[in-house]
Amino acid sequence: MSDSRPNPAPARRGFIRIVGSSAVIAAAAPLLPACSAMPDAATEPWRLAGRGEDVRRRLLSWAILAPNPHNLQPWMVELPADGSIVLFADPTRTLPMTDPPSRQLTLGHGAFLELLSMAAAADGLRAEIEPFPAGEPGPERLDARPVARVRLLREGARPDPLFAQAGVRTTWKTPFAERAVGPEALAALVVAATRPGVVASGTQAPERVAALNDIMVRAWDIEQRTPRTWKESVDLTRVGAAEIARHRDGISLGGTMMEALRLAGQMTPEKAMDPGSSYFKAGLDRVRSWVPGTGTWLWLVTPAAGRVPQLEAGRAFLRLQLQAAALGLVTQPPSQVLQEYPEMRALQREFEARVGQREGEKVQMLVRVGHPTGQAVRSPRRALQDVVRG
Ligand SMILES: Cc1cc2nc3c(=O)[nH]c(=O)nc-3n(C[C@H](O)[C@H](O)[C@H](O)COP(=O)(O)O)c2cc1C
């Protein structure tokens, strides 16, 4: 049987030559996650959420869908015979360069606990969360002691309508549609993200928005131009379907164009670290492409430092993302300016002054909000059995 299609080999060589040119890579890179081919195996936990006979595993199948920095999924759980759930920080999943005190990782644990608690309520159970039951780690790093112990009680469950968005929630990593978010939506997001120990604020005032957009770009540039902090992201970048499916974590760059660039040798860690490469330039351009559609910012402040406020802020951030989903909006928390390493400190001070952070307070999350441009691409998750210890 003859095949009437043209011989693909020369065509593919030509394609690779074209996509290998820097102009094409730079133009295409910001669009790629939106057309990303996410391998089904990597997103299986989204489809399995809420299934299963064992109640703790059923609740955890939701919790592992929580937002978390760099999609590291820094959690580990034990299921002791007393029926509780004990949450730990996985010591192999840390961000020592961009998150030296593990503040952001702790926020991710907070989001995990909020989702767990909402899933429990939907199952008729009240999750009683005891943070740091064996003592609170200091400000330097998390340690081997549990982050929380969760007891599931039969009385007092209060189902939360926001939980309906748990399977829809997403972090939007590409430009928003250029359409304004209504002031009533901002007000609803502020309400959703305000909880005990967390104050949410927001702005749509053009001058403040422009200042925050500018800070977002400058903070990104600092991170990308500081080799050790940029390398941390590069090392967690998974290029192409095979790598994404193998790791099921990190920053996913999938889709036809990425596969082609990978085959052309354009997507290696060495290229990513080379300031003269198209890959490097695409990174710098990417954050700039977010500016035109960003007209709404929120930030979450805790009045105190410490680990419990970090958990509370993570819980508030999850609620903010769910409320955004309920309103048909999407969010992204560009966190660079909040990160605690020396090169960021001067810009961080400028940012803190801009949002009026007072002595003793900490802005834990900074979030841009907008309208999606299409269907969200699910981010990968590791399988639940890989998170349960023992
Ligand atoms: C503390 C924290 C910091 C984050 N920082 C960023 C960030 O700087 N840029 C970004 O695009 N997403 C950021 N995220 C979102 C994660 O990248 C996202 O949750 C993860 O990739 C999983 O994707 P999903 O939220 O769509 O499930 C952050 C999330 C948390 C909890």
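First, a word on scope: everything that follows refers to the structure included in this document.

Rules used in this analysis
Sequence order as written defines residue numbering, which begins from 1 separately in each chain. At least 70 in pLDDT is required for a residue's local features to be given in this predicted model, at least 80 for side-chain atom pairs to be given and counted, and no such filter applies to totals for whole chains, interfaces and linings, which use all residues. Derived side-chain values reflect all non-hydrogen atoms in the structure, with water molecules and hydrogen atoms excluded from consideration. Only rings of Phe, Tyr and Trp enter the pairing, Trp through its six-membered ring, and a pair is recorded when the two centres are within 6.5 Å. The plane angle decides the type: under 30 degrees is stacked, over 60 is edge-to-face, the rest tilted. Secondary structure is summarised from DSSP: a helix means a run of H or I of at least four residues, a strand means a run of E of at least two, and numbering begins at the N terminus for each. Any residue under 20% of the maximum accessible area for its type is buried, any over 50% is exposed, and the rest in between are partly exposed; the area is computed with a 1.4 Å probe on protein chains only. Geometry is summarised by axes, namely lines fitted to C-alpha atoms with helices restricted to the contacting stretch, and by angles between N-to-C directions that run from 0 to 180 degrees. Handedness of a helix crossing follows the sense of rotation of the near helix relative to the far helix, less than a right angle counterclockwise being left-handed and clockwise being right-handed. Contact definition: two residues touch when any of their heavy atoms are within 4.5 Å. Any residue that is not Ala, Val, Leu, Ile, Met, Phe, Trp, Tyr, Cys, Pro, Asp, Glu, Lys or Arg is counted as polar, Gly included; the first ten are nonpolar and the last four charged. In this description, strands pair whenever DSSP reports at least two bridges between them. Any residue with a heavy atom positioned within 4 Å of a molecule or strand is treated as near that molecule or strand. Side-chain atoms alone can form a polar contact between residues adjacent in sequence; in general such a contact is a pair of N or O atoms within 3.5 Å, and within protein one must be able to donate a hydrogen while the other accepts it. All accessible-area figures derive from a Shrake-Rupley calculation using a 1.4 Å probe, and residue coverage is judged against the displayed protein chains alone. What makes a salt bridge here is a side-chain nitrogen of Lys or Arg within 4 Å of a carboxyl oxygen of Asp or Glu, nothing more.

1. So, the packing of aromatic side chains
- On inspection of all chains with the given rule, the structure shows five aromatic pairs.
- Here Trp-62 and Phe-163 contribute two aromatic rings whose centre-to-centre distance is 5.0 Å and whose plane-to-plane angle is 70 degrees, an arrangement assigned as edge-to-face. Taken as a pair, Trp-62 in helix 4 (residues 55-63) and Phe-163 in the loop between strand 4 (148-153) and helix 6 (183-193) lie far apart in primary sequence, 101 residues in all.
- Arranged with centres 4.8 Å apart and planes meeting at 40 degrees, the rings of Trp-75 and Phe-112 form a pair that is tilted. Taken together, the positions of Trp-75 in strand 1 (residues 75-78) and Phe-112 in helix 5 (residues 103-122) put the pair 37 residues apart, joining distant regions of the chain.
- Overall, Phe-112 belongs to the buried group, its relative accessible area being 1%.
- Joined through ring pairs, the aromatic side chains of Trp-220, Trp-230, Phe-280 and Trp-290 make up one cluster.

2. Concerning the environment of Gly-255
- With respect to the secondary-structure elements, Gly-255 resides in the loop between strand 7 (251-253) and helix 10 (256-263).
- The exposure class of Gly-255 is buried, given its relative accessible area of 3%.
- Put simply, Gly-255 and Met-38 are 217 residues apart on the chain and 7.3 Å apart in space, counted from C-alpha to C-alpha.

3. Points about the packing of helix 6 against helix 13 (residues 307-326)
- Orientation of helix 6 relative to helix 13, taken along the N-to-C sense of each, is 145 degrees, at an axis distance of 8 Å. Where helix 6 crosses over helix 13, the two elements pack in a sense that is right-handed. Here Ala-188, Leu-189, Ala-192 and Ala-193 of helix 6 come into contact with helix 13, specifically with Ala-316, Arg-319, Leu-320, Gln-323 and Ala-324.
- A breakdown of the residues in the contact of helix 6 with helix 13 according to their chemical character gives seven nonpolar, one polar and one charged.

4. Here we look at the sheet that holds strand 9 (residues 330-332)
- One open sheet accounts for four strands, arranged 5-8-10-9; its pairing is antiparallel. Two strands close off the open sheet at either side, each with one partner strand: strand 5 (199-203) and strand 9. The average angle at which neighbouring strand axes cross in this sheet is 30 degrees, direction not considered.
- Bridge analysis of strand 9 against strand 10 (residues 362-370) gives three bridges, and the strand direction is antiparallel. Opposite Thr-331, over in strand 10, you have Val-369 as the bridge partner.
- The strands touched by helix 7 (residues 206-225) within the sheet are strand 5, strand 8 (297-302) and strand 10, with strand 8 carrying the most contacts at an inclination of about 75 degrees.

5. Considering the site of the ligand
- Surrounding the ligand, one finds 19 residues, the nearest of these being Arg-169, Thr-171, Lys-173, Ser-335 and Arg-381.
- Here an oxygen atom of the ligand sits 2.8 Å away from a polar atom, N or O, in the side chain of Arg-169.
- Between the ligand and Gln-336, the relevant distance is 3.5 Å, taken from an oxygen atom to a side-chain nitrogen or oxygen of the residue.
- Taken by itself the ligand offers 620 Å² of open surface, and the protein chains cover 92% of this.
- Taken together, the residues that form the shell around the ligand break down as seven nonpolar, nine polar and three charged.

6. Focus: unusual backbone geometry
- The phi dihedral of Ser-102 is positive, around 60 degrees, even though this residue is not glycine.
- Here Ser-102 is to be found in the loop between strand 2 (85-89) and helix 5.
- We note that Phe-132 has phi near 45 degrees; this positive angle belongs to a residue other than glycine.
- With respect to the helices and strands, Phe-132 occurs in the loop between strand 3 (126-131) and strand 4.
- The exposure class of Phe-132 is buried, given its relative accessible area of 6%.

7. Some details on the sheet that holds strand 4
- Ordered in space as 3-4-2-1-11, the five strands form an open sheet in which the pairing is mixed. Pairing within the sheet leaves two strands with one partner each, and these edge strands are strand 3 and strand 11 (388-389).
- Relative to strand 4, strand 2 runs antiparallel, the two sharing three bridges. Bridge assignment links Ile-85 to a residue of strand 4, and that residue is Val-150.

8. Structural notes on the pattern of salt bridges
- Across all of its chains, the model carries 26 salt bridges by this definition.
- As a salt-bridge pair, Arg-149 and Asp-82 come within 3.5 Å of each other at their nearest N and O atoms. Taken together, the residues Arg-149 in strand 4 and Asp-82 in the loop between strand 1 and strand 2 connect sequence positions 67 residues apart.
- Asp-249 is the partner of Arg-238 in a salt bridge, and the nearest nitrogen-oxygen pair spans 2.9 Å. In this pair, Arg-238 sits in strand 6 (residues 237-239) while Asp-249 sits in the loop between helix 9 (241-247) and strand 7, placing the two residues 11 residues apart along the sequence. For the pair Arg-238 and Asp-249, a shared accessibility class is recorded, and that class is buried.
- Put simply, Glu-114, Asp-160, Arg-195, Glu-312, Arg-315 and Arg-319 are held in one network by salt bridges that share partners.

So far we have only geometry, and geometry alone does not tell us how the molecule works.
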